Amino acid sequence: MEPGDDDGDGSERGFPDEDELLTELEDVSLTPSDHQRIKDLVNGPEMDRIRGYDRRYLVAGAGGETGAATRRGIVYDRLDARTDPPAVAMQLEDFGLTPEDIELWTRVFDILCGRATHIVAVIEDFDGGYVWELGLLFAPTYRDKTWVLKRRYPDPETERERYDNGMAASYVELLLTGDRAYEWLDADELRDVVDEVP
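It should be emphasised that the depicted structure is a prediction, and the values quoted were computed from it without experimental measurement. (Residues numbered from 1 in each chain as written. Predicted model: local features only at pLDDT ≥ 70, side-chain atom pairs only at ≥ 80, totals over all residues. Heavy atoms only, no water.)

A short note on the nonpolar core
As a reminder of what qualifies: Residues belong to a common nonpolar core when they are buried Ala, Val, Leu, Ile, Met, Phe, Trp, Tyr or Cys residues joined through side-chain atoms within 4.5 Å. For every residue, the accessible area obtained with a 1.4 Å probe (protein chains only) is divided by the maximum for its type, and the residue is called buried under 20%, exposed over 50%, and partly exposed between those limits. Secondary structure elements are defined from DSSP: runs of H or I of at least 4 residues count as helices, runs of E of at least 2 residues count as strands, and each element is numbered from the N terminus. Contacts are residue-level and defined by heavy atoms, with any inter-residue pair within 4.5 Å sufficient.
Grouped together as the largest cluster of nonpolar side chains are 31 residues, with contacts concentrated most on Leu58, Val108, Phe109, Leu112, Cys113 and Leu137. Elements that contribute at least two residues to this core include exactly helix 2 (32-42), helix 3 (45-50), strand 1 (55-61), strand 2 (87-90), helix 5 (102-115), strand 3 (118-123) and helix 6 (131-138). When residues of this core are assigned to their parent elements, the largest contribution, 5 residues, is made by helix 5. The contact partners of Leu137, leaving out residues within four places of it in the chain, are Phe109, Cys113, Ile119, Ala121, Tyr142, Arg143, Thr146 and Leu175.

Below, the structure written as structure tokens:
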């Protein structure tokens, strides 16, 4: 059954549990050259850049040439500039992944999650391709080091419209509660909530 399919009772199926997520990762069919490319990406100069830092932030969220990507860049820059203790930020794009490498993204993201000490998800809606990243962060393996910076909209109608994705809402709800989830309304508030991430 595909995510979002009906279980027969009129409700959408919840997001897969950790075992199902790991099985899906293992079931990704990669060629030997794909495996070599992944090894090259995660063991190359960009990984050398983050080695030696006790605090390594993986910043997830919308990419491309969008306002959301620009705001994610604010988070990336603020985390990367930390000096007490010295820290480094990283994101998938830093490792040379392109839209043509889409089949490699899940595996590389999983590896980077394992190497990060902190994972920071910048969420403005449940409409982007990055929603699958949230699914991986839902797994208990990574949940304990994940912080979520969720955009809040000024009116309930816009809020519903931006976050109207039953599948994403069902599993991200766990990430959006507790002491590691912060809401922000504009870029100034976003800068403030970044400072709440240890």
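With respect to the environment of Leu185
Locating Leu185 in the fold gives a position in the loop between strand 5 (181-184) and helix 10 (187-194). Placed 35 residues apart in sequence, Leu185 and Lys150 show a C-alpha to C-alpha distance of 8.7 Å. Excluding residues within four positions of it along the chain, Leu185 makes contact with Arg151, Arg152, Tyr153 and Pro154.

Thoughts on the confidence of the model for the protein
The test is simple: pLDDT runs from 0 to 100 and stands for how confident the predictor is about each residue.
Put simply, the protein has an average pLDDT of 81, and 78% of its residues get 70 or more. Within the protein, no element has a lower average pLDDT than helix 1 (residues 18-26), which sits at 54, and none a higher one than strand 2, at 98. Considering only residues more than four positions removed or in separate chains, one finds that residues 1-18, a stretch of pLDDT under 50, has 27 contacts.

Some thoughts on the packing of aromatic side chains
Formally: Note on aromatic contacts: the rings of Phe and Tyr and the six-membered ring of Trp form a pair at centre separations within 6.5 Å, being stacked when their planes are under 30 degrees apart, edge-to-face when over 60 apart, and tilted otherwise.
Under the criterion given, the structure shown has 2 aromatic pairs. Both rings, one in Phe126 and one in Tyr163, keep their centres 5.0 Å apart while their planes meet at 75°; by these two values the pair is edge-to-face. Placement of Phe126 in the loop between strand 3 and helix 6 and of Tyr163 in the loop between helix 8 (156-162) and helix 9 (166-172) is noted, with a sequence separation of 37 residues between them. Residue classification places Tyr163 among the buried residues on the basis of a relative accessible area of 11%. Cluster of aromatic residues (ring-pair linked, three or more members): Phe126, Tyr153 and Tyr163.

So, the sheet that holds strand 4 (residues 146-151)
Let me state the cut-off plainly: DSSP-based pairing: two strands are paired if at least 2 bridges between them are found. Note on geometry: axes are lines fitted to C-alpha atoms, helical ones only across the stretch in contact, with angles between N-to-C directions running from 0 to 180 degrees.
The parallel open sheet is built from 5 strands, whose spatial order is 2-1-3-4-5. Among the strands making up the open sheet, the edge pair consists of strand 2 and strand 5. Between one strand and the next, the sheet's axes are offset by a mean angle of 20°, whatever the strand orientation. The pairing of strand 1 with strand 2 spans 4 bridges and is parallel.

Looking at helix 2
Convention followed: Throughout, the arc means the angular range of directions from the helix axis out to the C-beta atoms.
Those residues of helix 2 that fall on the buried side of the exposure criterion are Asp34, Ile38, Leu41 and Val42. Each buried residue of helix 2 lies within a common arc of 85° when the element is viewed along its axis, so the set occupies one face. Residues of helix 2 that are exposed and angled more than 90 degrees away from the buried face: Pro32 and Ser33.

Observations regarding unusual backbone geometry
In this model, Asp84 is joined to Pro85 through a cis peptide bond whose omega is 0°. In this structure, Pro85 sits in the loop between helix 4 (67-80) and strand 2.

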